[in-house]
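# Survey of secondary and tertiary structure
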Amino acid sequence: MGGDKGSALLTFLSKTAIIRRKRISSYGPADKLLWLAEIPKERPECRSPFLSDKPDDLGGLWLEVRKKREPARPPVPQVVADWVRADDLNQPENEPELLPEITLIVERRVTDPDASQDTERTIVQHVPELRRLADHPEVEDAWLEYLLEKWEPWAQEMRRWQDVQTVYESLDFMRRRLEEAEERYELVLAIGFLQWRDPTGTAVARHVLTAPAELTLDAARGVLTVVPAATFDGFRVEFDMLELRDRPRVDEGRLSEHFQALDIQAWDTDLVAPLLREIANSLRADAEVDETFQRADRIEERPRLSYAPAVVLRERRPTAYEDLIRKFLEAATGDGLKGTQPWLRLLREGEQPTSP
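### Quick word on the overall build of the protein
The helix and strand tally for the protein stands at 7 helices and 12 strands. A total of 356 residues make up the protein; the buried ones form 39% of that total. Roughly 21,500 Å² of accessible area belongs to the protein as shown, and the carbon and sulfur atoms make up 47% of that amount.

### Brief notes about the pairing of strand S12 (residues 310-315)
In the case of a regular strand, side chains alternate between the two sheet surfaces. Across the 6 residues of S12, 5 count as buried, placing the element largely inside the fold. With 4 bridges connecting them, strand S1 (residues 32-35) and S12 associate as antiparallel partners. Residue pairing in the sheet places Trp35 in a bridge with Ala310 of S12. Two elements, strand S6 (residues 185-197) and S12, share 6 bridges in a ladder whose sense is antiparallel. Note that in S12 the partner of Leu187 across the bridge is Leu313.

### Re the environment of Tyr27
Examined against the element boundaries, Tyr27 turns out to sit in the loop between helix H1 (3-20) and S1. Along the sequence, Tyr27 and Ala205 sit 178 residues apart, while their C-alpha atoms lie 6.7 Å from each other. Contacts of Tyr27, omitting those with residues within four sequence positions, involve Leu33, Ala190, Phe193, Ala205, Arg206, His207 and Val312. Polar contacts involving the side chain of Tyr27 include one to the side chain of His207, which spans 2.7 Å.

### Brief notes about the pattern of salt bridges
In this structure the tally under the stated criterion is 29 salt bridges. For Glu38, the salt bridge identified is with Arg295, shortest N-O distance 3.8 Å. A residue pair is termed long-range when its members are at least 10 positions apart, and Glu38 in the loop between S1 and strand S2 (46-47) and Arg295 in the loop between strand S10 (288-290) and strand S11 (304-306) qualify at 257 residues. Among the salt bridges present, the one from Arg221 reaches Asp218, with a minimum N-O distance of 3.2 Å. Residue classification places Arg221 among the exposed positions, given a relative accessible area of 52%.

### What about unusual backbone geometry?
Located in the positive-phi region is Asp263, a residue other than glycine, with phi close to 55°. With respect to the secondary-structure elements, Asp263 resides in the loop between helix H4 (252-262) and helix H5 (269-283). Asp263 sits in the partly exposed class, given a relative accessible area of 37%. If you check the backbone angles, Ala308 has positive phi at about 35° while not being a glycine. With respect to the helices and strands, the residue Ala308 is situated in the loop between S11 and S12.

### A short note on H4
Along H4, the positions that sit buried rather than exposed are Leu255, Phe259 and Leu262. What you see down the axis of H4 is that its buried residues fit within an arc of 60°, all on one side. Across H4 from its buried face, at more than 90 degrees, point the exposed residues Glu257 and Gln260. Sitting at the amino-terminal end of H4 is Asp251, which places a side-chain oxygen 3.0 Å from the backbone nitrogen of Gly253. Positive phi appears at Asp263, one or two residues downstream of H4, with a value of about 55°.

### Some points on the nonpolar core
Within the largest apolar cluster, 53 residues are counted, with the highest numbers of intra-cluster contacts made by Trp62, Leu171, Leu209 and Phe235. Only strand S3 (63-66), helix H3 (137-180), S6, strand S7 (203-218), strand S8 (223-228), H4, H5 and S12 provide two or more residues apiece to this core.

### Remarks on the confidence of the model for the protein
Looking at the protein as a whole, the pLDDT averages 87, with 81% of positions reaching at least 70. Per-element confidence in the protein ranges from a low mean pLDDT of 64 for helix H6 (residues 320-333) to a high of 98 for S8.

### Digging into the environment of Arg184
Secondary-structure assignment places Arg184 in the loop between H3 and S6. It is 8.5 Å that separates the C-alpha atoms of Arg184 and Arg314, two residues lying 130 residues apart in sequence. The residues contacting Arg184, other than those within four sequence positions of it, are Arg314, Glu315 and Arg316.

### A word on the packing of H4 against H5
With their axes 9 Å apart at the nearest point, H4 and H5 run at an angle of 160° to one another. Taken together, H4 and H5 sit at an angle that is classed as roughly antiparallel. Viewed along their axes, H4 and H5 form a crossing whose handedness is left-handed. Two secondary-structure elements touch here, H4 through Arg254, Leu255, His258, Phe259, Ala261 and Leu262 and H5 through Leu271, Val272, Pro274, Leu275 and Glu278. Looking at the contact of H4 with H5 residue by residue, the class counts come to 8 nonpolar, 1 polar and 2 charged.

### A closer look at the packing of aromatic side chains
Counted by the stated rule, this structure contains 9 aromatic pairs. Note on Tyr27 and Phe193: the rings are 6.4 Å apart at their centroids and 5° apart in plane angle, and the pair reads as stacked. In this pair, Tyr27 sits in the loop between H1 and S1 while Phe193 sits in strand S6, placing the two residues 166 residues apart along the sequence. The two residues Tyr27 and Phe193 agree in class, both being buried. Through pairs of rings, three or more aromatic residues link up here, namely Tyr27, Trp35 and Phe193. A cation sits over an aromatic face here: Lys32 above Phe173, 5.5 Å from the ring centre. Just above the ring of Trp35 sits the side chain of Arg295; from NZ or CZ to the centre is 3.9 Å.

Conventions used here
- Residues numbered from 1 in each chain as written.
- Predicted model: local features only at pLDDT ≥ 70, side-chain atom pairs only at ≥ 80, totals over all residues.
- Heavy atoms only, no water.
- Helix = DSSP H or I, 4+ residues; strand = E, 2+ residues; numbered from the N terminus.
- Buried < 20%, exposed > 50% of the residue type's maximum accessible area, 1.4 Å probe, protein only.
- Areas by Shrake-Rupley, 256 points an atom, 1.4 Å probe, with all protein chains shown as cover.
- Pairing = 2+ DSSP bridges.
- Contact = heavy atoms within 4.5 Å.
- Polar contact = N/O pair within 3.5 Å; in protein donor to acceptor, adjacent residues only side chain to side chain.
- Salt bridge = Lys/Arg side-chain N within 4 Å of Asp/Glu carboxyl O.
- Arc of directions from axis to C-beta.
- Core = buried A, V, L, I, M, F, W, Y, C linked by side-chain atoms within 4.5 Å.
- pLDDT = per-residue confidence, 0-100.
- Axes fitted to C-alpha atoms, helices over the stretch in contact; angles between N-to-C directions.
- Parallel < 35°, antiparallel > 145°, perpendicular 65-115°, else oblique.
- Left-handed = near helix turned anticlockwise from the far one by under 90°.
- Nonpolar A, V, L, I, M, F, W, Y, C, P; charged D, E, K, R; others polar.
- Phe/Tyr/Trp six-rings, centres within 6.5 Å; stacked < 30°, edge-to-face > 60°.
- Lys NZ or Arg CZ within 6 Å of the ring centre and 35° of its normal.

Structure, rendered in C-alpha cells:
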C-alpha cells in the first residue's frame, strides 16, 4: 500500500486530527457521573465486581442495581399527632422532636350575646386554646414508645433505601437520556481521574481511560445493568483534556499490551495500577498516583491521577474521522490494507517518473 510512505501519511492525518480537536479540560454540565465510591457496598441490591471480594462470580457485568420498595412510615399515635410536624417525621436523617406548646381550636359553650336578658341561651364557639407539653405527660410517654419502637427502625431502613434509590435514579436518568438522544450522548466506564491546574491556569478534571458501556433495564424485575458495550474492543487513553504540549508521550506498544491484559477487568487494581503509573510518570515528574476509589478534594498545580472509577454519561465527541484513520493505520501497519489506484497515485505524487 505504498509501504512506509502510506503509513507516514496516515500518521500525519491522525496527528492533524488530534491537533484540530477541541480541548475539553473537564466534565461539563451536560455530563452525568456516577462515582462507584458513592455506591453502598454492603447492599444486596447493588452488585459490582468493583465492590465485591469475588468479582469473577458476577459474570462480566460492571454494575447492577435492583430497585427496592420504599418503606412506609408507621403512623403516629393519635394522642401525639398534633404535637409533631409531619415534615419532621418524614426526614430520616434527623430525629423529630415534639413541639413545646401547640394551639388548638376547641369548642366552648358561651352565653349567646344576642339572647334577651330573660333567656339563658348559650351557643358553641370555636376558640383557640394554648396547650403546653409539660402539662401532658401522657403525650411524651406515647411519643417515646413510638420513637424507639417504630420511627427509629423505619428511619434506619429508609436511609438504606435512599442509598440504593439514589444510585438507581442516577442510572435511570442516564438510560432515559440515551433513549431520547442516543446520537448526542454516549455511556462509558471511566478510570484514572486526572486533576491538575496546568501551566495555563486551566483546571483539568477528567478521566484518562475509558471504555464504551451499555445500560439495560429489566422492567419486570426493576433491575438496571451496566455492561461492556457490544462494540467494546478495549480501553482507550484520552489526553484531549490537555494542551498539546502537555500530553504525555507514552509507549503505545506497551499500553496496548496493558489494555489486552486488562480487557474488561477495570476492577483489578493490580492491572490498572501499572497503567496509571506509566501515564502519570510520562506526564510530569511530580505527578502522583492514588490507587483508591477516592478523588482529591481540590485541584492543585501538581497532577494527581486517581483510580476513581465512574460510570459517565457524556456528550459524544466527533471522532468518526479519527477512528477511520486509526483503523487504516492499524491495517497498514499489519499489511492488511490494500491500496486503491487513487491512493497509490496520491502516494506517487512528486516522484520522478521511471525510465522505460
